[in-house]
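Examining the three-dimensional arrangement
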Protein chains: 2
Amino acid sequence: MSAKPVVGGLRGVSAGETSISTCGKEGFGLSYRGYDIAELAERASFEEVAYLLLYGELPTAAQLNDFTQILIQNRDLPVELREVLERIPANAHPMDVLRTGCSMLGTLEPETDFSQQINVVNRLIAVFPSMLLYWYRFATDGKRISTQSSSPTLAGHFLQLLGDRVPSELHQRAMDVSLVLYAEHEFNASTFAARVCAATLSDMYSAVTAGIGTLRGPLHGGANEAAMELIAKFDSADAARSGVLAMLGRKEKIMGFGHAVYKESDPRNAVIKAWSKRLGDSAGDTQLYAVSEAIDDVMWSEKRLFPNLDFYSASAYHYLGIPTQLFTPIFVCSRITGWAAHVMEQRANNKLIRPAADYTGPAARSFLPMDERA
Amino acid sequence: MSAKPVVGGLRGVSAGETSISTCGKEGFGLSYRGYDIAELAERASFEEVAYLLLYGELPTAAQLNDFTQILIQNRDLPVELREVLERIPANAHPMDVLRTGCSMLGTLEPETDFSQQINVVNRLIAVFPSMLLYWYRFATDGKRISTQSSSPTLAGHFLQLLGDRVPSELHQRAMDVSLVLYAEHEFNASTFAARVCAATLSDMYSAVTAGIGTLRGPLHGGANEAAMELIAKFDSADAARSGVLAMLGRKEKIMGFGHAVYKESDPRNAVIKAWSKRLGDSAGDTQLYAVSEAIDDVMWSEKRLFPNLDFYSASAYHYLGIPTQLFTPIFVCSRITGWAAHVMEQRANNKLIRPAADYTGPAARSFLPMDERA
């Protein structure tokens, strides 16, 4: 009755169709709506890419302007949501903050009909940086920040709320490129969880909340934070080389290398690696980048494992002045666009996602009265 | 590269192994850990079944007593959670309340290590009725209820918090049986979403939050509420017969019939149907049950569709004095046991769940500068 997947975890088993992106397909690599990721990262802004993912085509200047204005107008947090964020402990996992904030917003501004979906999506894209940084600044500085800023882009807005000043052009563009790279990745675990949820015809907030909770795991979104913790351990390339060799000898897991789908390289790596170097050079710091490159070399020569997007994102974010605990939440601020595109695609041609299972439990047995139980 | 599912939605495609339950397997029907559902519904309490699902075996008297005491001790809500619940609007979807409450609790009492998992699970089983009814009573009566009660069972506790009085033995046992029936159902959509989440090694709260959001959908947990809305439309069996025939003529969807896995009948239906009749007889009301039976007859004669668990659960819950909007949240209060068992099973032999997709989007195309876009 059931076709058994070859290696488990549904690896290589199609769970459906998508027109949003390709991930490792021959002749494509990674592309969003047919556009190669390297070209998008070089030439498009995050807002253009978000529009492309949601609507299927790159926006005209007028469309991009409208979309940008909508996002700017949606940055404020309802008072009840601010009150909830203020009740989340300072030592909470920031992904739990976004999971809770997204869910709470769903009680305040519910999606009662799918005709509202694009408004809900725009709201979520606009509000995640506000939600995260309102909580973060309140929890760390005790400050109730305004969630408005002078920056028209999400990248600039994020950095401005975090640092209380207008970021440099270099920093804004680096952040922007990172958001482009993280925006979409086919049926990865968090997107797939969002689609499983959406396929019961549940609401957008439920699907996105499921995505956030799934992305939180160290085997998925948590890898960039783990990479940073590793890099921060070493004060030179030499120390990194010997340290990682020793870790490999002890069979410790090194995060940020290899990929579930890509077999030879992650097409996003060259882009973020170049940005990490540029940011390091600009900061007059070469240690963090040099340490990263040394680890990269060792992983390749020893294990034939290539860095994925998460690895050089760690040093890039660090150069941008972003605290490590906010790395995975940035992933949410970007990936919400991919999740939303997938939820809308699922709804447009829905079928409940309900796999079978192979039973490995006890044979049928008769009920045991309590006094006969051991 | 990818093995295409025959009918989509992964129907009939194995997504992994489980020893927790069988669902429609030949020679098994529905069984929890090898015990037939009809026998469990007749002879076991919800607490015994919860223990069975979590630990694999029915509890001894001493184990059951310990487990019951732990649940009783875990009924209180932290003050921050109460403050959050008070900020959720009275007209919110109660599933959004549980989704948000579960997520918020995860920030207050995080699972920082999987060694804590069973404590988190016990906490969640114990606290969902408190969470739901604290919000519901505050939102509808403006009353801040105590979340303690004199009832040792979850079924009695739920009804007592809802109605401010000790429920009858008949009502307690009917509620208890309903919780047994809803506790577990293999790789249904909400459980599968919880496993996809857990497989990234995310925390228990994230997995359960994903389960709640997925169960919320009208194609999954929402069916019992839809059934009640249908039943409430008719004031006699005759009116129901002609009304449902007319609906079928207009090709309207009738909720609570048929099943994604069961092909001939839902093994839980006979149990809940008998309880619905018993509760109606005891209340001296036969209309609701008679209407239900008339709809059941029409669906079988016209469509060869059988009622699933949701259909007679609607009238049973109504006889128990439960408002319709709380039907799906009761499903959560029960299914948390199945979700938790599956998360623990996934963790014990984990592999990231990451399916493939068939690409149906645009062919590879070159980037279009803004002034060339139409």
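Refer to the structure above for everything that follows.
Reference entry: report on the structure contained in this document. Everything quoted here is computed from the prediction, not taken from an experiment. (Residues numbered from 1 in each chain as written. Chains lettered and ligands numbered in written order. Predicted model: local features only at pLDDT ≥ 70, side-chain atom pairs only at ≥ 80, totals over all residues. Heavy atoms only, no water.)

Concerning the sheet that holds strand S3 (residues 29-32) of chain A
Residues and elements named next belong to chain A. Ordered in space as S2-S3-S4, the 3 strands form an open sheet in which the pairing is antiparallel. Across the chains shown, the open sheet's two edge strands, defined by having one partner strand only, are strand S2 (21-25) and strand S4 (35-36). Inspection of the sheet shows S3 paired to S4 by 2 bridges, in the antiparallel sense. Counted as the bridge partner of Ser31 is Asp36 from S4. (Pairing = 2+ DSSP bridges. Helix = DSSP H or I, 4+ residues; strand = E, 2+ residues; numbered from the N terminus.)

Considering empty space enclosed by the protein
If a probe the size of a water molecule is rolled over the atoms, the empty space left behind becomes visible. Scanning the entire structure with this criterion turns up 2 cavities of 30 Å³ or more. Contributing to the lining of the largest cavity are Glu47(A), Thr68(A), Leu71(A), Ile72(A), Arg75(A), Ala126(A), Pro152(A), Thr153(A), Leu154(A) and His157(A). Considering every element that reaches the lining of the largest cavity, the biggest residue donor is helix H3 (residues 61-73) of chain A, with 3 residues. In the lining of the largest cavity, the residues fall into 5 nonpolar, 3 polar and 2 charged. Residue lining of the second largest cavity: Glu47(B), Leu71(B), Ile72(B), Arg75(B), Ala126(B), Pro152(B), Thr153(B), Leu154(B) and His157(B), and that is the complete set. Only helix H3 (61-73) and helix H7 (154-163) of chain B provide two or more residues apiece to the lining of the second largest cavity. Here the lining of the second largest cavity is built from residues that sort into 5 nonpolar, 2 polar and 2 charged. (1 Å grid on protein atoms, 1.4 Å probe; cavity = no way out; pocket = protein on both sides within 12 Å on 5 of 7 lines; lining within 4 Å. Points joined across faces, edges and corners; volume = space filled by probe spheres on them. Nonpolar A, V, L, I, M, F, W, Y, C, P; charged D, E, K, R; others polar.)

Let's talk about the sheet that holds strand S2 (residues 21-25) of chain B
An order of S2-S3-S4 (chain B) is seen for the 3 strands of this open sheet, with the pairing classed as antiparallel. What marks the edges here is a single partner per strand, and that holds for S2 and strand S4 (35-36) of chain B.

Comments concerning the pairing of strand S5 (residues 356-359) of chain B
Residues Ala356(B) and Asp358(B) of S5(B) are buried on one face, and the alternating residues Ala357(B) and Tyr359(B), pointing to the opposite face, are buried as well. As defined by bridge partners, strand S1 (residues 14-18) of chain A adjoins S5(B) across 3 bridges and the pair is classed as parallel. Following the sheet pairing, Thr18(A) is matched in S5(B) by Tyr359(B). (Buried < 20%, exposed > 50% of the residue type's maximum accessible area, 1.4 Å probe, protein only.)

What to know about the interface of chain A and chain B
Contacts between the two partners involve 105 residues from chain A and, on the opposite side, 104 residues from chain B. With both sides pooled, the region where chain A packs onto chain B buries about 9,000 Å², and carbon together with sulfur makes up 60% of that total. At the junction of chain A with chain B, the criterion picks out 12 salt bridges. Among the ionic pairs, Glu186(B) bridges to Arg354(A), the shortest N-O distance being 2.7 Å. The interface formed by chain A and chain B holds 50 residue pairs in polar contact (both at pLDDT 80 or more) in total. Top element by residues in the side of chain A that touches chain B is helix H5 (residues 94-108) of chain A. It accounts for 8 residues. (Contact = heavy atoms within 4.5 Å. Buried area = accessible area lost by both parts, 1.4 Å probe. Salt bridge = Lys/Arg side-chain N within 4 Å of Asp/Glu carboxyl O. Polar contact = N/O pair within 3.5 Å; in protein donor to acceptor, adjacent residues only side chain to side chain.)

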